Amino acid sequence: MAILVPGGAGYIGSHTVYALIDQGEDVVVVDNMQTGHRAAVHPGARLWEGDIRHEAFLDELFVKEKIDAVIHFAANSLVGESVQKPLDYYDNNLYGTMVLLRCMAKHDVDKIVFSSTAATYGNPDSVPILESAPTRPANPYGETKLAMEAMMKWVSAASRLRYVSLRYFNACGALEGGAIGEDHRNETHLIPIVLQVANGTRPEVTIFGNDYNTPDGTCVRDYIHVMDLAQAHLLALKHLRNGGKNEIINLGNGVGFSVKEVVDTCRSVTGKDIRAVTGPRRPGDPDQLVASSLRAQEVLGFSAGMPRLDDIVASAWEWHRSHPRGFDS
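Thresholds applied
- Residues numbered from 1 in each chain as written.
- Predicted model: local features only at pLDDT ≥ 70, side-chain atom pairs only at ≥ 80, totals over all residues.
- Heavy atoms only, no water.
- Core = buried A, V, L, I, M, F, W, Y, C linked by side-chain atoms within 4.5 Å.
- Buried < 20%, exposed > 50% of the residue type's maximum accessible area, 1.4 Å probe, protein only.
- Helix = DSSP H or I, 4+ residues; strand = E, 2+ residues; numbered from the N terminus.
- Contact = heavy atoms within 4.5 Å.
- Pairing = 2+ DSSP bridges.
- Axes fitted to C-alpha atoms, helices over the stretch in contact; angles between N-to-C directions.
- Salt bridge = Lys/Arg side-chain N within 4 Å of Asp/Glu carboxyl O.

A. Layout of the nonpolar core. Ranked by size, the top nonpolar core spans 44 residues in total, and within it I12, L20, V27, L166 and L251 carry the most contacts. Broken down by secondary-structure element, the contributors of at least two residues to this core are β1 (2–6), α1 (11–22), β2 (26–31), β4 (67–72), β6 (162–168), α7 (226–241), β10 (247–251) and α9 (294–300). Among the elements that make up this core, the one with the highest residue count is α7 (nine residues). Excluding residues that lie within four positions of it along the chain, L20 makes contacts with I3, V5, E25, V27, I71, L234 and L237. Core analysis: the next-biggest nonpolar cluster, separate from the first, contains 28 residues, A2, F57, A75 and L101 among them.

Okay, here's the thing in structure tokens:
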């Protein structure tokens, strides 16, 4: 039987598909290519190009493919865009998940690993952030992800569905060898933006604010390598296959790095003189977002294979150096 990966042509989804196939899984990818890339899909996966909001299309997939479990990545995920277009996020993220869960129930598929986010917490009261921390999303993106978790909780209470929701922090890095990597059409993530300056496709990086309550005044974030995230999804799938109960689990390294530290690390790894300028704060940016990784260790047996920031940046640089225009290269 196969694992269905909605959003498997996107950044984290495509890396997880590679990890699944390396483990010997049969994989089916469904993606509408709104933000995904056909070139990112592992050649060993079967690609169904379409939208999970189209129930007849998804029903046909479930009839023709024998699905054992779902690893769900299909969602819009840009914070700023979600503020500007909230209804698009409710339509794509919530409605798409509703159709997916309905088709899963119809076809007796009872296991789902869900790609959630630290944005469900909003501005935390303290760090490291525990799963028990209050959830106060500061944008529609985080709000829709939290609502997707709630949808799974209530569907599970009414059926045999079991789920693991993985709330992860800053995904980064690329597959070893640089075959696939991070390529967003409107890049908002720090490490790829800095590396675009290094490879000459962007003139400078803006550091938004230098007066935060942190050691060097810039925001601190928890960065986790994308293949560590992929492995965590495989561990969550194993947990469900072994009869494990519903879980909500943070995924991070448990260590924070400031924006200035990231820029300096990128300079060191690339050997490039990366221009950085200081701009005003962005509304809603918390001082620090750092995960507690204890529950991931205890429940899933997870530990990060690449926790060092310089190693993470080096893997990302391998991709960006060989693909200066992303998959269009």
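Moving on from the coordinates now.
B. Summary view of the pairing of β6. Counting buried positions along β6 yields six of seven residues, so the element is predominantly enclosed. Here seven bridges tie strand β5 (residues 111–117) to β6, and the two strands are oriented parallel to one another. Counterpart to T117 in the pairing with β6 is Y168. Here β6 pairs with β10 via five bridges, running parallel. In the sheet register, Y168 faces β10, and the bridge partner there is L251.

C. Up close: the sheet that holds β1. Pairing is parallel in the open sheet, where seven strands are placed in the order β3-β2-β1-β4-β5-β6-β10. The open sheet has two free edges, formed respectively by β3 (46–49) and β10, since each of these has just one partner strand. Going from strand to strand, the sheet's axes swing by 20 degrees on average, the running direction of each strand aside. As defined by bridge partners, β1 adjoins β2 across five bridges and the pair is classed as parallel. Counted as the bridge partner of I3 is V27 from β2. Across the sheet, helix α2 (residues 55–64) is in contact with β1, β2, β3 and β4; its angle to β3 comes to roughly 160 degrees.

D. Seen up close, the environment of G122. Here G122 shows up in the loop between β5 and α5 (140–158). Along the sequence, G122 and S165 sit 43 residues apart, while their C-alpha atoms lie 17 Å from each other. If sequence neighbours within four positions are ignored, G122 has contacts with R136, P137, A138, P286 and L289.

E. Structural context of the pattern of salt bridges. On inspection of all chains with the given rule, the structure shows 24 salt bridges. Salt-bridge contacts for D26 lead to R46; the nearest nitrogen and oxygen are separated by 2.8 Å. Remark: R46 occurs in strand β3 and D26 occurs in strand β2; sequence separation between them is 20 residues. Among the residues examined, D26 registers a relative accessible area of 30% and is labelled partly exposed. Exposure remark for R46: the relative accessible area of 32% places this residue in the partly exposed category. Of the charged contacts in the structure, one is a salt bridge between R282 and D285, with a shortest N-O distance of 3.0 Å. Linked through salt bridges whose partners overlap, the residues forming this network are E25, D68, D110, K111, R160 and R241.

F. Structural context of the pairing of β4. A large share of β4 lies buried, amounting to six of its six residues. Inspection of the sheet shows β1 paired to β4 by three bridges, in the parallel sense. Along β4, the bridge assignment pairs A2 with I67. Pairing geometry for β4 and β5, over three bridges, is parallel. Bridge assignment links H72 to a residue of β5, and that residue is F114.

G. Region of the structure containing the side chain of D51. Within the element layout of this structure, D51 appears in the loop between β3 and α2. D51 sits in the buried class, given a relative accessible area of 9%. In contact with D51, other than residues within four places in its own chain, are N32 and F57.

H. Structural context of the environment of D264. The residue D264 is located in helix α8 (residues 259–270) in this model. Linking D264 and A276, residues twelve residues apart in sequence, is a C-alpha distance of 10.0 Å.

I. Structural detail: unusual backbone geometry. A cis amide bond links V127 to the next residue, P128, at an omega of 0 degrees. Secondary-structure assignment places P128 in the loop between β5 and α5. Of note in this structure, M33 is not a glycine but carries a positive phi near 65 degrees. Secondary-structure assignment places M33 in the loop between β2 and β3. Under the relative-accessibility criterion, M33 is labelled buried at 10%. One non-glycine residue, D108, lies in the positive phi region at around 60 degrees.

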